[in-house]
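# Understanding the architecture of this molecule
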Amino acid sequence: MKLKSIFLTVLTGSLVTLVGCKDGGSAPTSKGEYPSKPVNVIIAYKAGGGTDVGARILLSEAQNNFSQPFVVVNKPGADGEIGYTELAKANPDGYTVGFINLPTFVSLPLQRKTQFSKDSVEPIMNHVYDPGVFVVKGDAQWNTLDDFLNAAKLAPNTLTVSNNGTGASNHIGAAHLAYETGIDVVHVPFGGSTDMIAALRGGHVNATVAKISEVGSLIRNGELKALAMFSENRLDDFKDIPTLKEKNIDVLFGSARAIVAPKGVDPKILEQLHVTFKTALESPGNIEKSKNADLPLMYMNSGDLKEYMNTQEVYIKEIVPKLGL
């Protein structure tokens, strides 16, 4: 029986889309001391990757309604573990928050001993769901996914696919695709999306699984060629890219990008941050800039985000042991 991806809950479950969504909450009415100093925002990946770009766009809009600066702190390394650990262990005073990628944030603690888990943080809000895409160089010999799959079957363990770290999101997506299609490829890990895409652009690997925000402009200019999307439906801005579902390949994959705080932050501060970020999410500036960056906006409040993190954990426990990561 084919594995059923729990990522389907992104589209059919409790997740709320951006347009017309209201959480019903409001910022605390009493004026306290918070915020009295800058708020550090940890991003566990290099500058220029999809998480970093989306975070900076949102923060630039959020700054309009926040009295202290948001200070981006990039902490790349170990597939995100370095930044996630610092975020989870930070003082829960409201002056450190961070952006996490799902499923990576829940997959790492299930695959190795880490100093954080999904229960180490307080969910604030999700702001992006960035679907996966399978890409090769623009001048590659493969013009369709079937071309690539057939080549992989003829030469097992020869074709190479880069990813953003062993056990990280793109690795899981690529390995799940290989599992469902019965191909054997060589998965090549890098420290983040920026490096894995650079490896493909430089001809050091044959393909990569990336998020559409990370490669959309490279697809448009012809440097890269998209063979398939991991989304339920074709994207409006990339109508010519077929989905895996169209080919009866039952793999849905992408990154939910969310804002969290260390466990133990005062609920009033969490609510103030939530309202600040949600207002920024819905602002015309964020909507326009995110569209230009190929970042599909998708809102979840703190409760929905926590539930989604739980479904991701179930997905990882079900799928990853079968993939040989």
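Read on for a plain summary of the structure. Numbering of residues begins from 1 in every chain and follows the order in which that chain's sequence is written. Given that the model is predicted, a residue must reach a pLDDT of at least 70 before its local features are reported, and side-chain atom pairs must reach 80 or more before they are shown or counted; all residues, however, enter totals for whole chains, interfaces and linings. To get the side-chain values, take all heavy atoms of the structure and skip hydrogens and water.

A carboxyl oxygen of Asp or Glu within 4 Å of a side-chain nitrogen of Lys or Arg is what we treat as a salt bridge. Here the structure, examined in full by the defined rule, presents 17 salt bridges. Residues Arg-56 and Asp-52 are paired through a salt bridge, measuring 2.9 Å at the closest nitrogen-oxygen approach. Separated by 4 residues within a single helix, Arg-56 and Asp-52 lie in helix α2 (residues 50-62), roughly one turn from each other. Across the pair Lys-118 and Glu-313 runs a salt bridge, and its minimum N-O distance is 3.7 Å. Of the two residues, Lys-118 sits in the loop between α4 (104-111) and β4 (121-137) while Glu-313 sits in helix α11 (residues 302-323), which places them 195 residues apart along the sequence. Residue class for Lys-118 comes out buried when judged on its relative accessible area of 15%. Counted as one network, the salt bridges with shared partners bring together Asp-79, Glu-81 and Arg-112. Helix and strand definitions follow DSSP, with helices as H or I runs of at least four residues and strands as E runs of at least two, each counted in order from the N terminus. Residue burial is assigned from relative accessible area. The probe radius is 1.4 Å, only protein chains are included, and a residue is buried under 20% of its type maximum, exposed over 50%, and partly exposed in between.

Ranked by internal contacts, the top residues of the largest apolar core, which has 30 residues, are Leu-58, Phe-70, Phe-99, Ile-124, Met-125, Leu-273 and Phe-277. Every element with two or more residues in this core is listed here: β1 (39-43), α2, β3 (96-102), β4, β9 (254-262), α9 (267-281) and β10 (297-300). Tallying contributions element by element places α9 first for this core, with 6 residues. Sequence-distant contacts of Met-125, defined by excluding residues within four places in its chain, comprise Leu-58, Ala-258, Ile-259, His-274, Phe-277, Lys-278, Leu-281, Tyr-299, Met-300 and Leu-305. Here, nonpolar core refers to any group of buried Ala, Val, Leu, Ile, Met, Phe, Trp, Tyr and Cys residues whose side-chain atoms link them within 4.5 Å. Among the nonpolar cores identified, the runner-up in size contains 29 residues, and Leu-102, Ala-256, Met-298 and Leu-323 belong to it. The criterion used for residue contact is that any of the two residues' heavy atoms lie within 4.5 Å.

Here we take up the packing of aromatic side chains. Here a pair means two rings of Phe, Tyr or Trp (six-membered ring of Trp) with centres within 6.5 Å. Their orientation is stacked below 30 degrees between planes, edge-to-face above 60, and tilted elsewhere. All told, the structure shown has 11 aromatic pairs when counted by the stated rule. An aromatic cluster is built from Tyr-34, Phe-66, Phe-70, Tyr-95 and Phe-277, whose rings are joined through pairwise contacts. Here, a charge over a ring is recorded when the distance from Lys NZ or Arg CZ to the ring centre is within 6 Å and its angle to the ring normal is within 35 degrees. The ring of Tyr-95 has Lys-37 lying over it, and the distance from NZ or CZ to the ring centre is 4.8 Å.

Let us look at the environment of Gly-50. Structurally, the position occupied by Gly-50 is in helix α2. Residue classification places Gly-50 among the buried positions, given a relative accessible area of 6%. With 237 residues separating them in the primary sequence, Gly-50 and Ile-287 have C-alpha atoms 16 Å apart. Here Gly-50 is in contact with Ser-213, Glu-214, Arg-257 and Leu-295, once residues within four sequence places are set aside.

Attention now moves to empty space enclosed by the protein. Lining residues are defined by having an atom within 4 Å of a point belonging to a cavity or pocket. Those points lie on a 1 Å grid over the protein atoms alone, cavities being sets where a 1.4 Å probe fits but cannot get out and pockets being open sets with protein on both sides within 12 Å along at least five of seven lines. Grid points are joined across faces, edges and corners, and a volume is the space filled by probe spheres set on the points. All chains considered together, the criterion is met by 2 cavities of 30 Å³ or more. Its volume calculated, the largest cavity comes out at about 100 Å³. Together, 14 residues line the largest cavity, and Tyr-45, Gly-49, Gly-192, Ser-193 and Glu-214 are the ones closest to its centre. Those elements that place two or more of their residues in the lining of the largest cavity are α2 and α7 (193-201). In the lining of the largest cavity, the residues fall into 1 nonpolar, 8 polar and 5 charged. Here the second largest cavity is characterised by a volume of approximately 30 Å³. Lining the second largest cavity are Phe-134, Phe-148, Val-161, Ala-174, Leu-177, Ala-178, Ile-183, Val-185 and His-187. Take the lining of the second largest cavity: its biggest share by element is 3 residues, from helix α6 (residues 169-181). Under the grouping applied here, Gly and all other residues not named as nonpolar or charged are polar, the nonpolar ones being Ala, Val, Leu, Ile, Met, Phe, Trp, Tyr, Cys and Pro and the charged ones Asp, Glu, Lys and Arg. Taken together, the residues that form the lining of the second largest cavity break down as 8 nonpolar, 1 polar and no charged.

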